[in-house]
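Chain by chain, the residues:
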Amino acid sequence: MPAESDNIEELVKQLAAMLMGKGWMLATAESCTGGMIAAACTELAGSSQWFDRGFVTYSNEAKTEMLGVPAELIAQHGAVSEEVVRAMAEGAIRHSRAQVSIAVTGIAGPSGGSAEKPVGTVWVGWCVEGVIHSTLLNLTDSRHHIRQATTAYALQRIHLQLLHTQ
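In every chain, residue numbers begin from 1 and rise along the written sequence. With the structure being a predicted model, the display of local features is reserved for residues of pLDDT at least 70 and the display and counting of side-chain atom pairs for 80 or more, all residues being used for whole-chain, interface and lining totals. Hydrogens and water are ignored here; the side-chain numbers use all heavy atoms of the structure.

### Describing the layout of surface pockets
If you roll a probe as big as a water molecule over the atoms, it shows you where there is empty space left. Note the threshold: Definitions used for this entry: grid spacing 1 Å over protein atoms alone; cavity, a set of points where a 1.4 Å probe fits but cannot get out; pocket, an open set with protein on both sides within 12 Å along at least 5 of 7 lines; lining residue, one with an atom within 4 Å of a point. Grid points are joined across faces, edges and corners, and a volume is the space filled by probe spheres set on the points. Charged residues are taken to be Asp, Glu, Lys and Arg, nonpolar residues to be Ala, Val, Leu, Ile, Met, Phe, Trp, Tyr, Cys and Pro, and polar residues to be all remaining types, Gly included.
The computed volume of the second largest pocket comes to approximately 160 Å³. Around the second largest pocket sit 14 residues that line it, and Ser 31, Cys 32, Tyr 58, Gly 106 and Ile 107 are the ones nearest its centre. Looking at the lining of the second largest pocket residue by residue, the class counts come to six nonpolar, six polar and two charged.

Here it is, written out as structure tokens:
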């Protein structure tokens, strides 16, 4: 998988340059990736200039306690939902010094899926300049692949969003 890793590394470099150019900071709120997006960002030397913090909110309680996601929202829609990922993206901004956030929540497997939300169901949310966006991924393959693909996709989405704000 060197190509995927190289792609993530290149995305992070581009993202870093864009954020530093704007004087903005990034925060992440991760569930199914368990901090992989934050790790990819902080792998780059000098990331403290543009990366503020990462929240690994694997449990529902962590989403509520660390990001302010209402427990009722999780109970009503489930942790893997558009409503929750959007609340995570907003909570990452509210609980940091960042102007940009990335949030992910999903089912990486190999178990935990259902007919409604099978393994590979992942919601990605991002917030730039106070506007929250979200999208649904339906991924397949191994747990490792789902987490890697989610990390790469989330970085691509925020990169594309920043390109549109220039």
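### Considerations on the nonpolar core
This is how the line gets drawn: For our purposes a nonpolar core is just a set of buried Ala, Val, Leu, Ile, Met, Phe, Trp, Tyr and Cys residues, chained together by side-chain atoms within 4.5 Å. Relative accessibility under 20% of the residue-type maximum defines a buried residue, over 50% an exposed one, and the middle range a partly exposed one, all with a 1.4 Å probe and only protein chains included. Runs of H or I in DSSP of at least four residues are treated as helices and runs of E of at least two as strands, each being numbered from the N terminus. In what follows, residue pairs with any heavy atoms lying within 4.5 Å of each other are defined as contacts.
Leu 19, Leu 26, Trp 50, Val 100, Leu 155 and Leu 162 are the most contacted members of the largest nonpolar core, which has 33 residues in total. Secondary-structure elements contributing two or more residues to this core are helix H1 (2-22), helix H2 (36-42), strand E3 (100-106), strand E4 (121-128) and helix H6 (143-164). Those residues within four positions of Leu 162 in sequence are excluded, and the remaining contacts are Leu 15, Met 18, Leu 19, Lys 22, Trp 24, Val 100 and Val 128. If you look at the next biggest cluster of nonpolar residues, it comprises 21 residues, including Met 25, Ala 29, Ile 74 and Ile 107.

### Examining the packing of aromatic side chains
Rules: Any Phe, Tyr or Trp ring, taking Trp's six-membered ring, that has another such ring centre within 6.5 Å forms a pair; planes under 30 degrees apart are called stacked, those over 60 apart edge-to-face, and the others tilted.
Tallying each qualifying case throughout the model produces one aromatic pair. Ring centres of Trp 50 and Phe 51 lie 6.3 Å apart, and the angle between their planes is 85°; on these two criteria the pair is classed as edge-to-face. Each member of the pair, Trp 50 as well as Phe 51, is classed as buried.

### Things to note about helix H3 (residues 60-67)
Put simply, the rule reads: Picture the helix axis, draw a direction to every C-beta atom, and the arc is the one those directions span.
Looking only at H3, the buried set comprises Ala 62, Lys 63 and Leu 67. All buried residues of H3 fall inside an arc of 105° around its axis, so they share one side. On its buried face, H3 sits against strand E1 (26-30), strand E2 (51-56), helix H4 (71-77), helix H5 (82-94) and E3. Phi turns positive, to about 80°, at Gly 68, one or two residues after H3.

### Section: the environment of Thr 42
As for its placement among the helices and strands, Thr 42 is situated in helix H2. Given the relative accessible area of 42%, Thr 42 is considered partly exposed. Sequence separation between Thr 42 and Gly 54 is 12 residues; the distance between their C-alpha atoms is 9.9 Å. Not counting the four nearest positions on each side in its chain, Thr 42 is found in contact with Ser 47 and Phe 51.

### Brief notes about the pattern of salt bridges
We apply this condition: In what follows, salt bridge is the name for a side-chain nitrogen of Lys or Arg lying within 4 Å of a carboxyl oxygen of Asp or Glu.
All told, the structure shown has four salt bridges when counted by the stated rule. Among the ionic pairs, Glu 90 bridges to Arg 94, the shortest N-O distance being 3.8 Å. Highlighted residues: Glu 90 and Arg 94, both in helix H5, separated by four residues, approximately one helical turn. Relative accessible area serves as the criterion here: at 47%, Arg 94 is assigned to the partly exposed category. What emerges from the salt-bridge pattern is a single network uniting Asp 52, Arg 53 and Arg 97.

### Comments concerning the sheet that holds E3
Applied cut-off: Note on pairing: two strands pair once DSSP finds at least 2 bridges between them. Every axis in this analysis is a line fitted to C-alpha atoms, fitted for helices over the stretch in contact. Angles between the N-to-C directions lie between 0 and 180 degrees.
The mixed open sheet is built from five strands, whose spatial order is E2-E1-E3-E4-E5. Each end of this open sheet is capped by a strand with a single partner; those strands are E2 and strand E5 (131-138). Each strand of the sheet is rotated relative to its neighbour by a mean of 10°, with strand direction disregarded. Note that E1 and E3 share five bridges and pair parallel. Paired with Glu 30 across the bridge in E3 is Val 104. Its contacts with the sheet put H5 on E1, E2, E3, E4 and E5, and the angle it makes with E3 is roughly 145°.

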